[in-house]
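# Survey of secondary and tertiary structure
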Amino acid sequence: VQLQASGGGLVQAGGSLRLSCAASGRTFSLYGMGWFRQAPGKEREFVAVISRSGSNTYYADSVKGRFTISRDNARNTVYLQMNSLKPEDTAVYYCAADYTRTTTATTSDARVYDYWGQGTQVTVSS
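In this report, we go over the structure that sits alongside the text. Being a predicted model, the structure only gives us computed values, none of them experimental.

What counts as what
- Residues numbered from 1 in each chain as written.
- Predicted model: local features only at pLDDT ≥ 70, side-chain atom pairs only at ≥ 80, totals over all residues.
- Heavy atoms only, no water.
- Disulfide = S-S within 2.5 Å.
- Helix = DSSP H or I, 4+ residues; strand = E, 2+ residues; numbered from the N terminus.
- Buried < 20%, exposed > 50% of the residue type's maximum accessible area, 1.4 Å probe, protein only.
- Contact = heavy atoms within 4.5 Å.
- Phe/Tyr/Trp six-rings, centres within 6.5 Å; stacked < 30°, edge-to-face > 60°.
- Lys NZ or Arg CZ within 6 Å of the ring centre and 35° of its normal.

Turning to the state of the cysteines, a few remarks are in order. Summed over the entire model, instances satisfying the criterion amount to 1 disulfide. Here C21 connects covalently by a disulfide to C95, the sulfurs 2.1 Å from one another. Judged by the torsion about the S-S bond (60°), the C21/C95 disulfide is right-handed. Linking C21 in strand 3 (residues 17-23) with C95 in strand 9 (residues 91-99), this pair joins segments that are 74 residues apart in sequence.

What follows is the structure in structure tokens.
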């Protein structure tokens, strides 16, 4: 699976961005999909995850209520809608794919993810 993230950019605090992650291959529906981010000088952190079927989602506390993860299995794409952005959301955002045996499983543990995209920069100005 190859992942291509896009949609990053520069936005003012309070604004919105929508990230997309397009996956190659015909097995996209077998993977739970996650978003992670890494700010300069900080470790990579979990943002959100969606199960294979899309029925389950899970968010980091820092983004809960502001970000929404979704997926379109017909288009092999996962999205991250980011609203009410804050300067502390500034980071490189990565999408990742986790092969799962159930349609509802989700994980925030980056170590279990099998494939990673190249990242897209999100910068939020104050």
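All right, on to the environment of C95 then. Taking the relative accessible area as the measure of exposure, C95 reaches 0% and is therefore buried. Counting along the chain gives 25 residues from C95 to S70, while the straight-line C-alpha distance between them is 12 Å. Look past the residues within four positions of C95 in its chain and what remains in contact with it is L3, A5, C21, G34, W35, Y115, W116 and G117.

The next point concerns the packing of aromatic side chains. What characterises a pair of aromatic rings is the spacing of the ring centres plus the angle enclosed by the ring planes. Tallied over the entire structure, the rule returns 7 aromatic pairs. Measuring from centroid to centroid gives 5.7 Å for F36 and F46, while their planes differ by 70°, and the two rings are edge-to-face. You can see F36 sitting in strand 4 (residues 31-38) and its partner F46 sitting in strand 5 (residues 45-50), a full 10 residues away along the chain. F46 matches F36 in its accessibility class, with the two residues each being buried. Look at F36 and W116: their rings are 5.0 Å apart centre to centre, the planes differ by 50°, and that puts the pair in the tilted class. Separated by 80 residues along the polypeptide, F36 in strand 4 and W116 in strand 10 (residues 115-116) bring together distant segments of the chain. Joined through ring pairs, the aromatic side chains of F36, F46, Y58, Y113 and W116 make up one cluster. Between the NZ or CZ atom of R44 and the centre of the ring of W116, over which it lies, the distance is 4.2 Å. The lysine or arginine in question, R71, covers the ring of F28, its NZ or CZ lying 4.4 Å from the ring centre.

So, about unusual backbone geometry. Even without being a glycine, N76 presents a positive backbone phi close to 55°. For N76, the location among the structural elements is in the loop between strand 7 (67-72) and strand 8 (77-82). A relative accessible area of 16% means that N76 is categorised as buried. Here the phi dihedral of S84 falls at roughly 50°; this positive angle occurs in a residue that is not glycine.

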